[in-house]
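Here is what each chain is made of, one letter per residue.
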Amino acid sequence: MAKSLFWRRTDTAGAEHALVGDDQGLAARGTQLAVDPLPYTCRYTLTTGADWGTERVEVETQGADWLRSLRLDRSADGWRVTTHEEGDLDRVLAAAGHPTAGLPGTDDPDRLADAVDVDLGGSALFNILPVRRLGLTEAPAGTEHRITVAWVLVPGLLVIPAEQVYTAAGPGRVRFASESFTADLDVDPAGYVLRYPGLAERVTTD
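A. The overall build of the protein chain, seen in detail. Regarding its fold elements, the protein chain presents two helices and 14 strands. If you line up the protein chain on its principal axes, its C-alpha atoms span 50 × 40 × 35 Å. Once local pairs closer than 6 in sequence are excluded, the contacts in the protein chain between residues at least 24 apart make up 43%. Accessible surface, the protein chain as shown: approximately 9900 Å² in total, 47% of it carbon and sulfur. When the 19 basic and 31 acidic side-chain charges of the protein chain are each reduced to a single mean position, those positions are 3 Å apart.

This is the structure:
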């Protein structure tokens, strides 16, 4: 792993640390910590092809008395989704006065058929996937791509298709939009997020 990236969350108490290698596509493993809607740890591994299209994502979330895991594999035949649960996250959420998360995964992987990228909730790393796959760091300002992603909600690990728009917005900046939400992401020359307004900021030791 050639890079060690660390973000602090700005929307809640939390952080993300990822180790990444990107010589031939992306290989990454990382950990998120957050307290919203309840304290949890999220561990993930991510593998793409040389074209930066996602091939495999494995995610595990864990809190007091519960654990969930999710694996997404993409091939020419579509997405394969595998899940596992120990304990009862929904019971824990309800006891704390929060809405329940529902079952992890998806009951219909065909709904993800148009997705090439995965977006992991709360993560500043996963934006690199469409940014690099679509060449947005080198594209003329105003270049826009409307895509469908497999959006993984945390900590429950429900997977839903989501439409997102990525637009090149000049040197070091990419505009992200989903439904009514819009944010201008500051990115480094390689496309990794430096600042995601309302979510996270990268911490450097330079």
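B. Local environment of the layout of surface pockets. Considered as a void within the structure, the largest pocket measures approximately 580 Å³ in volume. What lines the largest pocket is a set of 28 residues, among which Asp-119, Gly-121, Gly-122, Trp-151 and Tyr-196 lie closest to the centre. Contributing elements (two or more residues each) for the lining of the largest pocket: strand S8 (117-120), strand S9 (144-152), strand S10 (159-168) and strand S11 (173-178). The element best represented in the lining of the largest pocket is S10, accounting for five residues. One number sums up the size of the second largest pocket: a volume of about 150 Å³. Every residue lining the second largest pocket is listed: Pro-37, Leu-93, His-98, Pro-99, Thr-100, Ala-101, Leu-153, Val-154, Pro-155, Gly-156, Leu-157 and Leu-158.

C. The environment of Val-203, seen in detail. Looking at where Val-203 falls in the secondary structure, it is placed in the segment after strand S14 (200-202). Contact partners of Val-203, with chain neighbours within four places excluded, come to Phe-6, Trp-7 and Arg-8.

D. Examining the pairing of strand S2 (residues 14-21) more closely. Pairing between strand S1 (residues 3-9) and S2: six bridges, direction antiparallel. Across the sheet, the residue bridging to Ser-4 is Leu-19, located in S2. Counting the residues in the hairpin turn of S1 and S2 gives four residues. Here S2 runs beside strand S3 (residues 27-34); their pairing, made up of eight bridges, is antiparallel. Following the sheet pairing, Gly-21 is matched in S3 by Ala-27. Connecting the antiparallel pair S2 and S3 is a turn made up of five residues, with Gly-25 showing a positive phi of about 75°.

E. Summary view of the side chain of Ser-123. Along the chain, Ser-123 turns up in the loop between S8 and helix H2 (128-133). Within polar-contact distance, the side chain of Ser-123 engages the side chain of Glu-16 at 2.7 Å. Excluding anything up to four places from it in sequence, Ser-123 contacts Glu-16, Gln-32, Tyr-44 and Leu-199.

Reading the values: rules and limits
Residues numbered from 1 in each chain as written. Predicted model: local features only at pLDDT ≥ 70, side-chain atom pairs only at ≥ 80, totals over all residues. Heavy atoms only, no water. Helix = DSSP H or I, 4+ residues; strand = E, 2+ residues; numbered from the N terminus. Contact = heavy atoms within 4.5 Å. Areas by Shrake-Rupley, 256 points an atom, 1.4 Å probe, with all protein chains shown as cover. Lys, Arg positive; Asp, Glu negative; His and termini not counted. Charge placed at Lys NZ, Arg CZ, Asp CG, Glu CD. 1 Å grid on protein atoms, 1.4 Å probe; cavity = no way out; pocket = protein on both sides within 12 Å on 5 of 7 lines; lining within 4 Å. Points joined across faces, edges and corners; volume = space filled by probe spheres on them. Pairing = 2+ DSSP bridges. Polar contact = N/O pair within 3.5 Å; in protein donor to acceptor, adjacent residues only side chain to side chain.

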